Amino acid sequence: MRLVPWQPDDMLRRLDDVVGVYGEAMGYRAELLQTRRGYIGAHVRRAGFRAVATLTTDGHLAGFGYGYVSGPGQWWHDQVRSALDEPARRYWLGSCFEVVELHVRPSAQGHGIGARQLRALLSMADGSTVLLSTPEADEQRSRAWRLYRRFGFVDVLRDFIFPGDERAFAILGRELPLASRPATEDAPGTVGI
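Conventions we followed
- Residues numbered from 1 in each chain as written.
- Predicted model: local features only at pLDDT ≥ 70, side-chain atom pairs only at ≥ 80, totals over all residues.
- Heavy atoms only, no water.
- Phe/Tyr/Trp six-rings, centres within 6.5 Å; stacked < 30°, edge-to-face > 60°.
- Helix = DSSP H or I, 4+ residues; strand = E, 2+ residues; numbered from the N terminus.
- Buried < 20%, exposed > 50% of the residue type's maximum accessible area, 1.4 Å probe, protein only.
- Arc of directions from axis to C-beta.
- Contact = heavy atoms within 4.5 Å.
- Pairing = 2+ DSSP bridges.
- Axes fitted to C-alpha atoms, helices over the stretch in contact; angles between N-to-C directions.
- Polar contact = N/O pair within 3.5 Å; in protein donor to acceptor, adjacent residues only side chain to side chain.
- Core = buried A, V, L, I, M, F, W, Y, C linked by side-chain atoms within 4.5 Å.

With that settled, consider the packing of aromatic side chains. What the rule picks out here adds up to seven aromatic pairs. Each ring, one from tryptophan 75 and one from phenylalanine 162, has its centre 5.5 Å from the other, and the planes form 35°; the classification is tilted. You can see tryptophan 75 sitting in helix 4 (residues 75–83) and its partner phenylalanine 162 sitting in the loop between strand 6 (154–161) and strand 7 (168–175), a full 87 residues away along the chain. The class for phenylalanine 162 is buried, based on a relative accessible area of 6%. Three or more aromatic residues joined by ring pairs form one cluster here, namely Trp75, Phe160, Phe162 and Phe169.

The subject of this paragraph is helix 7 (residues 143–150). Listed in full, the buried residues belonging to helix 7 are Trp145, Leu147 and Tyr148. Down the axis of helix 7, the buried side of the element spans an arc of 160°, and every buried residue falls inside it. Buried residues along helix 7 sit in contact with strand 4 (96–104), helix 6 (113–124), strand 5 (129–135), strand 6 and strand 7. After helix 7 finishes, the residue glycine 152 shows a positive phi value of roughly 85°.

For the bond from leucine 176 to proline 177, the omega torsion is 5°, close enough to zero to count as cis. Among the structural elements, proline 177 can be located in the segment after strand 7. Even without a glycine there, the phi angle at aspartate 159 is positive, about 55°.

Turning to the environment of glycine 63, a few remarks are in order. Tracing the backbone through its elements, the reader meets glycine 63 in strand 3 (residues 61–69). Judged by its relative accessible area of 0%, glycine 63 is buried. Considering only alpha carbons, one finds glycine 63 and tyrosine 22, 41 residues apart in sequence, at a separation of 8.5 Å. Beyond its immediate stretch of four places on either side in the chain, glycine 63 contacts Val21, Ala53, Thr54, His103, Val104 and Gln117.

Before going further, it helps to spend a moment on the sheet that holds strand 5. Sheet strands pair by backbone hydrogen bonding; their relative direction is either parallel or antiparallel. Spatial strand order, 1-2-3-4-5-7-6: seven strands in an open sheet with mixed pairing. At either end of the open sheet lies a strand with only one pairing partner, and these are strand 1 (2–6) and strand 6. Mean inter-strand twist for the sheet, computed between neighbouring axes without regard to direction, equals 20°. Bridging between strand 6 and strand 7 involves five bridges; their strand directions are antiparallel. Across the sheet, the residue bridging to valine 154 is glycine 173, located in strand 7.

What follows deals with helix 5 (residues 86–93). Those residues of helix 5 lying buried are Ala88, Trp92 and Leu93. One side of helix 5 holds all its buried residues, which, seen down the axis, span an arc of 90°. On the buried face of helix 5, the contacting elements are helix 4, strand 4, strand 5, strand 6 and strand 7. Looking at where helix 5 begins, the residue whose side-chain oxygen comes 3.0 Å from the main-chain nitrogen of alanine 88 is aspartate 85.

A separate point is the nonpolar core. Of all hydrophobic cores here, the largest spans 20 residues; its most connected members are Trp6, Met11, Leu61, Phe64 and Tyr66. Of all the elements in the fold, those that place two or more residues in this core are strand 1, helix 2 (15–26), helix 3 (30–43), strand 2 (50–55) and strand 3. In this structure, leucine 61 is in contact with Trp6, Arg14, Asp17, Val18, Val21, Ala53, Thr54, Leu55 and Arg105, ignoring residues within four places of it in sequence. Among the nonpolar cores identified, the runner-up in size contains 19 residues, and Leu132, Leu147, Phe151 and Phe153 belong to it.

The following block contains the structure:
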């Protein structure tokens, strides 16, 4: 397997594969996956867009991740912003890279692909902080949670409900660059809802 950086055109060219991996990894229904196509198409045009892909030796997509500079007027940014107090907004969202998606096909999980993708994505990221959201889960049993904790992500918001989704999410963050000391539990905005 090889990890490669992707440009927006690469993501769009392989959009069917991207949506397929997303659906397998998240277990989402087919009708939801069709809406993701439109979101991803719009996301590749955002400032600071960065993407990585893991390809098998025969060129199949095993995993991918992408993000961009988070800013006002973006749905996710505005939802998270509304739940933070002003000091936390300045700290976490003032110069923030948002990890939008990071997925590995279930059949390829457990081999370090997610970690390599996250490390590569964060090393390319612009900003002083990085944020992401992940469904609430048992931190000891969830591969995603264990990965994020290994990378120094801390709680920014817990049990956050996005409009249109009944599941609770955690908003996790850390400082950038990746080589720097991870954000601490005392960072502004480390709160629960």
